[in-house]
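Letter by letter, the chains look like this.
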Amino acid sequence: MLTFFTKNLGWRIQFTLSLFVFITAVPIGLIWYTSSEQILFKTIEKLYHHSSEVIKSQLDDFFTEAKTVYEHQSRLNINLAETINDREKLLAHIANILNHHHDIDYYYFANNKGALLSLGKNQDTQYIRLESDQPSVGPISSYKADFNGNGEHILNQKAFFDPRARDWYQRALEKNQPVWSNIYPGAIENILGISLSKVLKDTDGNVLGVWGLDLTLNSVTQQLKKSKLSPNSTVLLMNTRGEIIASTNDKHAPKDGQLLNVASGQTPLLQTIWPTVSPAEYYKNNSAYQFRYEGEQWVCFTSYYPLSDSRDILVLFITPISDFTSEFIEAKHFAIIITVLLIGIAIYYGSYGTKYILTPIIRLTHSAEAISQGKWNQQIHLERQDELGQLARSFNKMIEHLKSYIDQLNTHQDETARLNALLEKQNQKLEERVQARTRSLTEANQKLQQLAYYDPLTNVANRRYFWDEFERQLHQPTGPAESPLHRGWLFILDIDNFKQFNDQYGHVVGDDALKYFSHVCTSCLSDQDMIGRIGGEEFAIWSNVIHQAEAQAIADAILSALSLQPLFETEHNEAITISASIGVIPCQYGDKNCYARADKQLYKAKASGKNQVCINTHRC
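Every value quoted in this text rests on a predicted model; they were computed, and no experiment measured them.

1. Quick word on the environment of Phe109
Right, on to step 1. Structurally, Phe109 can be placed in strand S1 (residues 106-111).
Right, on to step 2. Between the C-alpha atom of Phe109 and that of Lys198, which follows or precedes it by 89 residues, the distance is 9.6 Å.
Right, on to step 3. Residues contacting Phe109, with those up to four places away along its chain left out, are Ile84, Leu90, Ile94, Ala115, Leu116, Leu117, Leu200, Leu208, Gly209, Val210 and Trp211.

Printed below as a string of structure tokens:
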């Protein structure tokens, strides 16, 4: 019996084909079935890790914008002690700051007597002015206002309000630097927000009042909603006490001016996972894990955002696996059914094909044996139009037409050569198309890099890319860490009187001035120098020249080019030029306060009459 199977070609073909299909399809199906869920979980984890980085980047921009407000205020070089005592000047100053920092919702000042003057924007982008009815603590009213803060239409009133009792006021008194408050409701409306406040003192150290700016949680929530990856997922920001600061789920919204806490029992899903995700050693590892809730599989991803040295914000993603796997599971079951069905079909047609192929071969074998015995009149009768039928007819004519077959073989060889040449030509065309596609992808990647690293208006490095590249060049070791290696010169440039220029000629001309300024600066730099736009009209240059004279020459070239090349001419043929103030300092390996020192030199240039450069070669 075994001998029959080993000598029977049909059985061996059928067995081999069935075995090949079985050992190929079954292991692949099993591996795919067992690893698909884990692969899916890893994929979801990578997606949420990317979303977490996006959210933290947005929070960086969100909170960094708040800190630049006080830097902006200090650069205005105004007498704040005089401004806060003149209601019109104070309102104009608050409106100016608010209109230059669009991520800030409210900006205000509370004096040491308890009077408050505030200007901000509500959810409808309408301006709201909050103002005490008297110059000391007492009643307070909110008014509908224009972008300058003017308007007398009362929206709401409160009988008594003392800002000095607020957390933001009390925290500001503890330090001379801006400090973040806890989450708290607004003065009249119950919109929750967080304040960055700063105390104002006179020259004798007496408290004149406290400046404050608000970031409302509504703005943060809108940013979170952009990061949702599935319909039923939830993105939350929470503090370490279990309070929900912001969430894409409306059920987590603050109630009666108070943040919703996990311990309240109103968030059973969060209450289930909170003991696991709340320890710092867990969420600081950017962890992800699966859990079951009400019979359904969920996935949770945690990371954190450090608001300050002592306060962290948890970034929490929660989503049911079914959001990602409903169609996937259906496809998986369908794939299993198809795999089994294909195995059956392969075995059936393998058996049928083996019989269909071997039957005429057996007949050809018998005929060939008869001819080998000298029976030249033996003919093969096989009435088929496929390859085997052609083989039978060709076998009958083989002896008589051997020479014609040789000639035909030569013809086939020529045709093969022609087809090979044609195939080579087609391959060459295909290679050219691949190269063209590669060039297109390269150009697209370059455009994406341009958008990520460069300011879209001036086409120079944006703030983040400039400072990242500056830190890399400054702090990358090239010798012993303790050696004071000179690295280059940092220039901080600010266009003089740019606000008045904008007010006089409009923002379109102002944008042209920014592009013109960046073009002039770039034309005065070498290929090794780097320029970036780090603020509205503020630019920075990093040059690795060695000597002070070389740095002075760069700054002088920029000022000279600005004075000689007019931005445009008025209709009365008056040449309009712009000027700039420049602060320059040398930087060494390991320096930590380069920007502050350069900004100090810029301030000196401004205070000395503008349109000039101040270079300080001594480390402050």
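2. Details of the packing of helix H14 (residues 507-523) against helix H15 (residues 548-564)
Right, on to step 1. Remark: H14 packs on H15, axes separated minimally by 9 Å, with the N-to-C direction vectors making an angle of 135°. In terms of orientation, H14 and H15 fall into the oblique class. Crossing hand, H14 versus H15: right-handed. Contacts between H14 and H15 involve Tyr516, Phe517, Val520 and Cys521 from the former and Ile558, Ala561 and Leu562 from the latter.
Right, on to step 2. Its residues assigned to classes, the contact of H14 with H15 comprises seven nonpolar, no polar and no charged.

3. Here's the deal with the pattern of salt bridges
Right, on to step 1. What the rule picks out here adds up to 17 salt bridges.
Right, on to step 2. The residue Arg129 makes a salt bridge to Glu152 at a minimum N-O spacing of 3.7 Å. Of this pair, Arg129 sits in strand S3 (residues 127-132) while Glu152 sits in the loop between strand S4 (138-145) and strand S5 (153-161), and the two are 23 residues apart along the sequence.
Right, on to step 3. Look at Arg129 and you get buried, because its relative accessible area is 1%.
Right, on to step 4. Among the salt bridges present, the one from Lys499 reaches Asp503, with a minimum N-O distance of 2.9 Å. You can see Lys499 and its partner Asp503 sitting in helix H13 (residues 498-505), four residues apart, about one turn around the helix.
Right, on to step 5. Each of the salt bridges in this network shares a partner with another, and the network as a whole consists of Arg87, Glu88, Arg129, Glu131 and Glu152.

4. Some remarks on the sheet that holds strand S17 (residues 538-543)
Paired through their backbone hydrogen bonds, the strands of a sheet run either parallel or antiparallel.
Right, on to step 1. Overall, mixed pairing links the five strands, which are arranged S16-S17-S15-S20-S21 in an open sheet. Bordering the open sheet on either side are strand S16 (530-533) and strand S21 (613-615), each of which pairs with just one other strand. Within this sheet the neighbouring strands show an average axis-to-axis angle of 20°, counted without direction.
Right, on to step 2. Sheet topology places strand S20 (residues 580-588) next to S21; three bridges connect them, and they run parallel. Bridge pairing in S21 places Val584 opposite Ile615.
Right, on to step 3. Lying over the sheet, helix H16 (residues 594-607) contacts strand S15 (486-495), S17, S20 and S21, oriented at roughly 150° with respect to S20.

5. What about the side chain of Ser197?
Right, on to step 1. By the element assignment, Ser197 lies in strand S8 (residues 192-201).
Right, on to step 2. Of the residues examined, Ser197 reaches a relative accessible area of 0% and is grouped as buried.
Right, on to step 3. At 2.7 Å, the side chain of Ser197 and the backbone oxygen of Trp168 are in polar contact.
Right, on to step 4. Each residue touching Ser197, except ones within four places of it in the same chain, is listed here: Tyr70, Trp168, Ala172, Gln177, Pro178, Val179, Val210, Trp211 and Gly212.

6. What to know about the side chain of Asp455
Right, on to step 1. With respect to the helices and strands, the residue Asp455 is situated in the loop between helix H11 (402-453) and helix H12 (463-475).
Right, on to step 2. Judged by relative accessible area, Asp455 falls into the buried class, the value being 12%.
Right, on to step 3. A polar atom in the side chain of Asp455 sits 3.2 Å from the side chain of Arg533.
Right, on to step 4. Ignoring sequence-local partners within four residues, the contact set of Asp455 consists of Val460, Ala461, Asn462 and Arg533.

7. Here we look at the sheet that holds strand S11 (residues 244-247)
Right, on to step 1. Judged by pairing direction, the sheet is antiparallel, and its five strands sit side by side in the order S11-S10-S14-S13-S12 without closing on themselves. Since the sheet does not close on itself, it has two edges, and those belong to S11 and strand S12 (288-293), each with one partner. For this sheet, the mean inter-axis angle between neighbouring strands, taken without regard to orientation, is 25°.
Right, on to step 2. Summarising the sheet, strand S10 (residues 234-239) and S11 pair through three bridges and their orientation is antiparallel. Bridging across to S11, Leu236 finds its partner in Ser247.

8. Considering the pairing of strand S9 (residues 207-216)
Right, on to step 1. Most of S9 sits inside the fold, with nine of its 10 residues counted as buried.
Right, on to step 2. Relative to S9, S1 runs antiparallel, the two being bridged by six bridges. Each bridged residue has a counterpart across the sheet, and for Tyr108 the counterpart in S9 is Gly212.

9. Looking at the state of the cysteines
When the sulfur atoms of two cysteines share a covalent bond, that bond is a disulfide.
Right, on to step 1. A complete count under the given rule lists zero disulfides for this structure.
Right, on to step 2. Unpaired in this structure, Cys521 has its nearest cysteine sulfur neighbour in Cys524, at a distance of 6.9 Å.
Right, on to step 3. We classify Cys524 as partly exposed; its relative accessible area is 22%.

10. Digging into H15
Right, on to step 1. With 17 residues, H15 extends 24 Å from end C-alpha to end C-alpha; this agrees with the ideal 24 Å at 1.5 Å per step.
Right, on to step 2. All of the buried residues along H15 are Ala551, Ile554, Ala555, Ile558, Leu559, Ala561 and Leu562. Taken end-on, H15 shows its buried residues confined to a sector of 165°, consistent with a single buried face. Pointing more than 90 degrees away from the buried face of H15 are the exposed residues Ala549 and Leu564.
Right, on to step 3. Each element contacted by the buried residues of H15 is listed here: S15, H14, S17, S20 and S21.

11. What about the environment of Ile534?
Right, on to step 1. Along the chain, the position of Ile534 falls in the loop between S16 and S17.
Right, on to step 2. Among the residues examined, Ile534 registers a relative accessible area of 9% and is labelled buried.
Right, on to step 3. Among all residues touching Ile534, those that are not within four sequence positions of it are Arg463, Phe466, Trp467, Ile492, Phe539, Ala540 and Tyr595.

Criteria and thresholds
Residues numbered from 1 in each chain as written. Predicted model: local features only at pLDDT ≥ 70, side-chain atom pairs only at ≥ 80, totals over all residues. Heavy atoms only, no water. Helix = DSSP H or I, 4+ residues; strand = E, 2+ residues; numbered from the N terminus. Contact = heavy atoms within 4.5 Å. Axes fitted to C-alpha atoms, helices over the stretch in contact; angles between N-to-C directions. Parallel < 35°, antiparallel > 145°, perpendicular 65-115°, else oblique. Left-handed = near helix turned anticlockwise from the far one by under 90°. Nonpolar A, V, L, I, M, F, W, Y, C, P; charged D, E, K, R; others polar. Salt bridge = Lys/Arg side-chain N within 4 Å of Asp/Glu carboxyl O. Buried < 20%, exposed > 50% of the residue type's maximum accessible area, 1.4 Å probe, protein only. Pairing = 2+ DSSP bridges. Polar contact = N/O pair within 3.5 Å; in protein donor to acceptor, adjacent residues only side chain to side chain. Disulfide = S-S within 2.5 Å. Expected span 1.5 Å × (residues − 1). Arc of directions from axis to C-beta.

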